[in-house]
Each structure stands twice: as C-alpha cells, then as structure tokens.
Amino acid sequence: MGHEREAPDVGGGSEMRQGRTNVRASVRRVPGPCAQWGDGDADFIREILDLVGDKWSVLIIGTLSDGPVRYSDLAQAIPGISQRMLTLTLKQLQRSGLVARTAYAEVPPRVEYSLTALGSSLLSTVLELASWSAERHAEIRRHQQTYDAGTV
C-alpha cells in the first residue's frame, strides 16, 4: 500500500507518440488534396466535405436543382429519407448557406426550400456525383459481392 508502480512502457509507447508528432507536415510532402490545406483549415474543410458529401445532402441539393420545393414534396421526392433526417439535413444546409428557407404567411402555412447562389455553385458537382453513382452501381455491387465472398 502506498507504493504505486508506474506501468512499464511496453512496446515503446513513448517512442510511438514521438513518431506521431508533426503528422500534418509529413502529409504535406505527399501529393493529394490534403497537401494544400493549412492546419487551421483542415478540420473545417473536412466538416464541409462531410456535409456536402452526405447522401441526403446530395439528394436534397439535386432535388432543388429545378427551383424552390415545398418540404412535403422534398420528402416524397427522396426515397428512404425520414422526416427527422430531412429536417436535420435542411437545417445544416441552411446553416452553411447552401439552402434558403422561405415561409409564406398563408393558411395553411407554406414553406419552400431553394438553393442559394452558393448552393447552386455546388450543383454541377453534386449532379455529376449522383450520375456517376447511378451509372456504376451495378459494377460496384459486383465488386462488393466478389469481395464479400472472398472474405468469409
């Protein structure tokens, strides 16, 4: 009692921690998209990519390509999206300035969502990604099935 021993550094944990310092500097030496991001911007850029690359965001932005759409019409146009996910994703897109929400003082109340100029600037990229996915889904499914069969 009273004598606590420090756990031995099995496997060189302190050496590993030292080896992990300045990882971003090492990453910048390798070509790729991450190499051009500054340390202060990297987390925010990943946050933006998470938002605009999310399946629901892609589908919502694509659905808004022809102009303003009512909430209920968005819900019907996007198969599989829950009311909760539609609401959350719309709020995130609105917060980031990609989607605008317009409420009309009517009875019954009407709310429409539309792309902002910033959201419209993302539209061609989103539509291209959705198109690529649709065109290649059978090929990708075959690869997944082959992989899954070999890893059992």
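Structural notes, computed from the coordinates. All values reported here derive from a predicted model rather than from experimental measurement.

Here's the deal with the nonpolar core
(1) Moving on: One finds I60, I61, L64, L74, L90, L93 and V99 to be the most contacted residues of the largest nonpolar core, which totals 21 residues.
(2) Moving on: Elements with a contribution of two residues or more to this core: α3 (39-52), α4 (55-63), α6 (83-95), β3 (110-115) and α7 (117-150).
(3) Moving on: The biggest single contributor to this core is α4, with four residues.
(4) Moving on: Dropping the residues within four chain positions of it, L93 is found in contact with L51, S57, I60, I61, L98 and V99.

Let's talk about the side chain of E112
(1) Moving on: Turning to its location among the elements, E112 is positioned in strand β3.
(2) Moving on: Here Y104 takes part through its side chain, which lies 3.3 Å from a polar atom of the side chain of E112.
(3) Moving on: With sequence-adjacent residues up to four places away left out, E112 is seen in contact with P68, V69, R70, A100, R101, T102 and Y104.

Describing α7
(1) Moving on: Under the 1.5 Å per step criterion, the end-to-end length of α7 is 47 Å for 34 residues, consistent within 8% with the ideal 50 Å.
(2) Moving on: Taken as a whole, α7 has its buried residues at G119, L122, L123 and V126.
(3) Moving on: Of the surrounding secondary structure, the elements contacted by the buried residues of α7 are α3, α4 and β3.

Re α4
(1) Moving on: Turning to α4, its buried residues are W56, S57, V58, I60, I61 and G62.
(2) Moving on: Backbone nitrogen of W56 and a side-chain oxygen of the N-cap are separated by 3.0 Å at the start of α4; the cap is D54.

Regarding the pairing of strand β2 (residues 99-104)
(1) Moving on: Two elements, β2 and β3, share six bridges in a ladder whose sense is antiparallel. Note that in β3 the partner of A100 across the bridge is S114.
(2) Moving on: Turn length for the β2-β3 hairpin, with the two strands adjacent in sequence and antiparallel, is five residues.

Considering the side chain of T89
(1) Moving on: Assignment of secondary structure puts T89 in helix α6.
(2) Moving on: Given the relative accessible area of 1%, T89 is considered buried.
(3) Moving on: At a separation of 2.7 Å, a polar atom in the side chain of T89 contacts the main-chain carbonyl oxygen of M85.
(4) Moving on: Non-local contacts of T89, meaning those with residues more than four positions away in its chain, are made with D54, W56, S57 and I60.

What to know about a nonpolar patch on the surface
(1) Moving on: Residues L129, W132 and I140 make up a contiguous nonpolar surface patch of roughly 260 Å² in combined accessible area.
(2) Moving on: Tracing the sequence through the fold places W132 in helix α7.

Focus: the packing of α4 against α7
(1) Moving on: The interhelical angle for the contact between α4 and α7, taken along N-to-C directions, is 115°, at an axis separation of 9 Å. It follows that α4 is roughly perpendicular to α7 by the angle criterion. The handedness of the crossing between α4 and α7 is left-handed. For the pair formed by α4 and α7, the contact residues are V58, I61 and G62 on the first element and G119, L122, L123, V126, L127, L129 and A130 on the second.
(2) Moving on: For the contact of α4 with α7, the per-class residue count stands at eight nonpolar, two polar and no charged.

Parameters at a glance
Residues numbered from 1 in each chain as written. Predicted model: local features only at pLDDT ≥ 70, side-chain atom pairs only at ≥ 80, totals over all residues. Heavy atoms only, no water. Core = buried A, V, L, I, M, F, W, Y, C linked by side-chain atoms within 4.5 Å. Buried < 20%, exposed > 50% of the residue type's maximum accessible area, 1.4 Å probe, protein only. Helix = DSSP H or I, 4+ residues; strand = E, 2+ residues; numbered from the N terminus. Contact = heavy atoms within 4.5 Å. Polar contact = N/O pair within 3.5 Å; in protein donor to acceptor, adjacent residues only side chain to side chain. Expected span 1.5 Å × (residues − 1). Pairing = 2+ DSSP bridges. Patch = residues over 30% accessible without salt bridge, like charges linked within 9 Å, V, L, I, M, F, W, Y side chains within 5 Å. Areas by Shrake-Rupley, 256 points an atom, 1.4 Å probe, with all protein chains shown as cover. Salt bridge = Lys/Arg side-chain N within 4 Å of Asp/Glu carboxyl O. Axes fitted to C-alpha atoms, helices over the stretch in contact; angles between N-to-C directions. Parallel < 35°, antiparallel > 145°, perpendicular 65-115°, else oblique. Left-handed = near helix turned anticlockwise from the far one by under 90°. Nonpolar A, V, L, I, M, F, W, Y, C, P; charged D, E, K, R; others polar.

Function cannot be inferred from these measures alone, as they are strictly geometric.
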